Amino acid sequence: QHNPHWWGNRNTIVHLFEWKWSDIAQECENFLGPRGFGGVQVSPVNENIIAAGRPWWERYQPISYKLTTRSGNEEEFGDMVRRCNDVGVRIYVDVLLNHMSGDFDGVAVGTAGTEAEPGKKSFPGVPYTAQDFHPTCEITDWNDRFQVQQCELVGLKDLDQSSDWVRSKLIEFLDHLIDLGVAGFRVDAAKHMASEDLEYIYSSLSNLNIDHGFPHNARPFIFQEVIDHGHETVSRDEYKDLGAVTEFRFSEEIGNAFRGNNALKWLQSWGTGWGFLPSGQALTFVDNHDNQRDAGAVLNYKSPKQYKMATAFHLAYPYGISRVMSSFAFDDHDTPPPQDEQERIVSPEFDEDGACVNGWICEHRWRQIYAMVGFKNAVRDTEVTGWWDNGDNQISFCRGNKGFLAINNNLYDLSQDLNTCLPQGTYCDVISGSLIDGSCTGKSVTVNEHGYGYIHIGSDDFDGVLGLHVDAKV
Ligand code: QV4
């Protein structure tokens, strides 16, 4: 279940974190489809507790499998899935199979109005009772398999996935989403569940819905959140054959490199050469909704120049199943998404350049990022050739004879003739501008009959990247 079921030549997922279903439907039609995005990871769809101040993380505390949240109801969800599939954009749902809500004072009322008593492990909306959960205990030793898989992750009531009843309810929930036309799932906290139980659940799921344009016998795409920094007792390797696995080391190492802690020349062996998972099993990202909030090496939208360089490398280098993050602005871990006085999530608004303005960051609408989604589509199925570096933080490489990328993360200019491997002609740098009606609004590069072109990236240029490809030939 490693196939994301891309449409056409598309091959990038965007995580529209906390967006409403009606806004995603419009985004598919107005932006993601036309720009060649392959799919959207959406926030959890099922009913959750209501936490004071409405932090984003309340959605990781389920109350039932009714499809009503602050992002919308079942009808709106179904409408979004249909409209996105109609323009070739797949929907992947973030699903919570590991647990239900954590403790709550008294009776909790969820986002669909369902009551539950999490403290008593009573969730009548499913229904689940105490016997469907593992006994309460705390994870204190992350290298103790029993604790990691059978105790409670931050106090979240831990479901027993070996039970027939729990399995049947989880399968019913996922099958309902498949019936509505989704292409697959992000499995939250997968490491906290035994891989045998997940295998049973995944293999019991229905095929994707042919009425939504999927081929016969297509299996749901699965990518599992397993954080493995290298030497964990519960490792990514236990899950990688069941579906793709989030490759957290990718995120950490790309952050390190573009923050200047590791010379870019070492990226020549990026991927399995760095001990990462095989490409088709790795879900890759510069940052995700959790680690963008942690201090440390991981880059986020707050360091835009480095972030755009790292993203360009991520999307230009052929490794992994790529996911781009689309955030809302935050000050701290608990900052809620943009909301109004009634605590309803507000829709993104755009300026005349298409950038988001009202608290949504929308990295996916930054030209330097969506242009690289187009680059990745244009160079699909080619290899890295013609690697060049200056022995430090200036690098370039080709993708066959279809694309070329150069990066300058040194504090001095990159100015020289480089092999672009492209057919002779003039190409528009898709980072500094766009090709509009046959003319380039940014830098352009003339490639000679030997494939060489003069490349200039000043150390104080707005962006430290230059990207050329055959679909942006002037
Ligand atoms: C608090 C205390 C706990 C205590 C508990 C019980 O901190 O020590 O045991 O009360 O009284 C929120 C609060 C957290 C609170 C918890 C329970 O932040 O302080 O615990 O609720 O009330 C998200 C957020 C969490 C949030 C959680 C549930 O990140 O802060 O907790 O949602 O709302 C590991 C895992 C990995 C996990 C990662 C965060 O291996 O799987 O930690 N990542 C996924 C998601 C993540 C999500 C969860 C798992 C849980 O990506 O976003 O956590 O679904 O690495």
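Here, the structure is the one placed above.
Residues numbered from 1 in each chain as written. Predicted model: local features only at pLDDT ≥ 70, side-chain atom pairs only at ≥ 80, totals over all residues. Heavy atoms only, no water.

Undergrad: Quick question: what am I supposed to make of the nonpolar core here?
TA: General note: in soluble globular proteins, nonpolar side chains tend to be found buried as a group. Ile24, Phe77, Phe258 and Phe313 are the most contacted members of the largest nonpolar core, which totals 127 residues. Every residue in contact with Phe77, bar those within four places of it in the chain, is listed here: Trp21, Val42, Val45, Val93, Leu177, Leu180 and Val182. By size, the runner-up hydrophobic cluster in this structure holds 15 residues, among which are Leu414, Cys421, Leu422 and Leu468. (Core = buried A, V, L, I, M, F, W, Y, C linked by side-chain atoms within 4.5 Å. Buried < 20%, exposed > 50% of the residue type's maximum accessible area, 1.4 Å probe, protein only. Contact = heavy atoms within 4.5 Å.)

Undergrad: I tried to follow the pattern of salt bridges on my own but got confused; where do I start?
TA: Applying the stated criterion to the full structure yields 24 salt bridges. Here Arg83 and Asp79 are joined by a salt bridge, their closest N and O atoms 2.9 Å apart. With Arg83 and Asp79 both in helix H2 (residues 74-86) and 4 residues apart, this pair spans about one turn of that helix. The partner of Glu225 in a salt bridge is Arg186, and the shortest N-O contact between them spans 3.7 Å. Residue Glu225 is found in the loop between strand E9 (221-224) and strand E10 (244-246), and its partner Arg186 is found in strand E8 (residues 184-187); the two are separated by 39 residues along the sequence. Neither Glu225 nor Arg186 differs from the other in exposure class; each is buried. (Salt bridge = Lys/Arg side-chain N within 4 Å of Asp/Glu carboxyl O. Helix = DSSP H or I, 4+ residues; strand = E, 2+ residues; numbered from the N terminus.)

Undergrad: Even after reading the chapter, I still don't get unusual backbone geometry, so can you show me in this structure?
TA: Looking along the chain, the bond that leaves Val126 and enters Pro127 is cis, with omega of -5°. Of note, Pro127 is situated in the loop between strand E6 (115-116) and helix H3 (145-150). The phi angle at Lys121 is positive, at roughly 55°, despite the residue not being glycine. You can see Lys121 is positioned in the loop between E6 and H3. Positive phi values are uncommon outside glycine, yet Asn217 reaches one of about 65°. On the secondary structure map, Asn217 appears in the loop between helix H5 (195-204) and E9.

Undergrad: When you look at the site of the ligand in this model, what are you seeing that I'm missing?
TA: Neighbouring residues of the ligand: 19 residues in total, closest Trp57, Asp188, His192, Glu225 and Asp290. Measuring from an oxygen atom of the ligand, one finds a side-chain N or O atom of His99 at 3.0 Å. Within the side chain of Asp290, a nitrogen or oxygen atom sits 2.4 Å from an oxygen atom of the ligand. In the complex, 69% of the free accessible area of the ligand, which totals 940 Å², lies under the protein chains. By residue class, the composition of the shell around the ligand is 9 nonpolar, 6 polar and 4 charged. (Near = heavy atom within 4 Å. Polar contact = N/O pair within 3.5 Å; in protein donor to acceptor, adjacent residues only side chain to side chain. Areas by Shrake-Rupley, 256 points an atom, 1.4 Å probe, with all protein chains shown as cover. Nonpolar A, V, L, I, M, F, W, Y, C, P; charged D, E, K, R; others polar.)

Undergrad: What exactly am I supposed to notice about the pairing of strand E2 (residues 39-42) here?
TA: Here E2 shows a buried face lined by Gly39 and Gln41 and a second buried face lined by Val40 and Val42. In terms of handedness, the path from strand E1 (residues 12-16) via helix H1 (residues 21-35) over to E2 forms a crossover that is right-handed. In the sheet, E2 pairs with strand E3 (residues 90-95) via 4 bridges, with the strands oriented parallel. Counted as the bridge partner of Gln41 is Tyr92 from E3. (Right-handed = clockwise from strand over helix to strand, strands pointing away. Pairing = 2+ DSSP bridges.)

Undergrad: In this structure, what is going on with the packing of H1 against H2? I would like to understand it.
TA: The description of two helices packed together rests on the angle between their axes and the distance between the axes. For the pair H1 and H2, the least separation of the axes is 8 Å and the interaxial angle reads 10°. Our classification of the angle between H1 and H2 gives roughly parallel. Taken together, the residues of H2 that come into contact with H1 (itself represented by Trp21, Ile24, Ala25, Gln26, Cys28 and Glu29) are Glu76, Phe77, Met80, Arg83 and Cys84. A class-by-class count of the residues in the contact of H1 with H2 yields 7 nonpolar, 1 polar and 3 charged. (Axes fitted to C-alpha atoms, helices over the stretch in contact; angles between N-to-C directions. Parallel < 35°, antiparallel > 145°, perpendicular 65-115°, else oblique.)

Undergrad: Explain the pairing of strand E21 (residues 452-457) here, please?
TA: Taking every second residue as pointing to the same face, the buried face of E21 carries Gly453, Ile455 and Ile457, while none of Tyr452, Tyr454 and His456 on the other face is buried. One ladder, built from 6 bridges, connects strand E16 (residues 414-419) with E21; its direction is antiparallel. Across the sheet, residue Gln416 finds its bridge partner in E21, namely Ile455.

Undergrad: Teacher, can you tell me more about the state of the cysteines here?
TA: Throughout the structure, instances matching the rule amount to 5 disulfides. Sulfur-sulfur distance for the disulfide between Cys28 and Cys84 comes to 2.1 Å. Its S-S torsion of about 90° marks the bond between Cys28 and Cys84 as right-handed, since a negative value means left-handed. Of the two residues, Cys28 sits in helix H1 while Cys84 sits in helix H2, which places them 56 residues apart along the sequence. Judged by relative accessible area, which is 0%, Cys28 ranks as buried. Using a relative accessible area of 0% as the deciding quantity, one classes Cys84 as buried. (Disulfide = S-S within 2.5 Å.)

In short, shape yes, function no, at least from these values alone.
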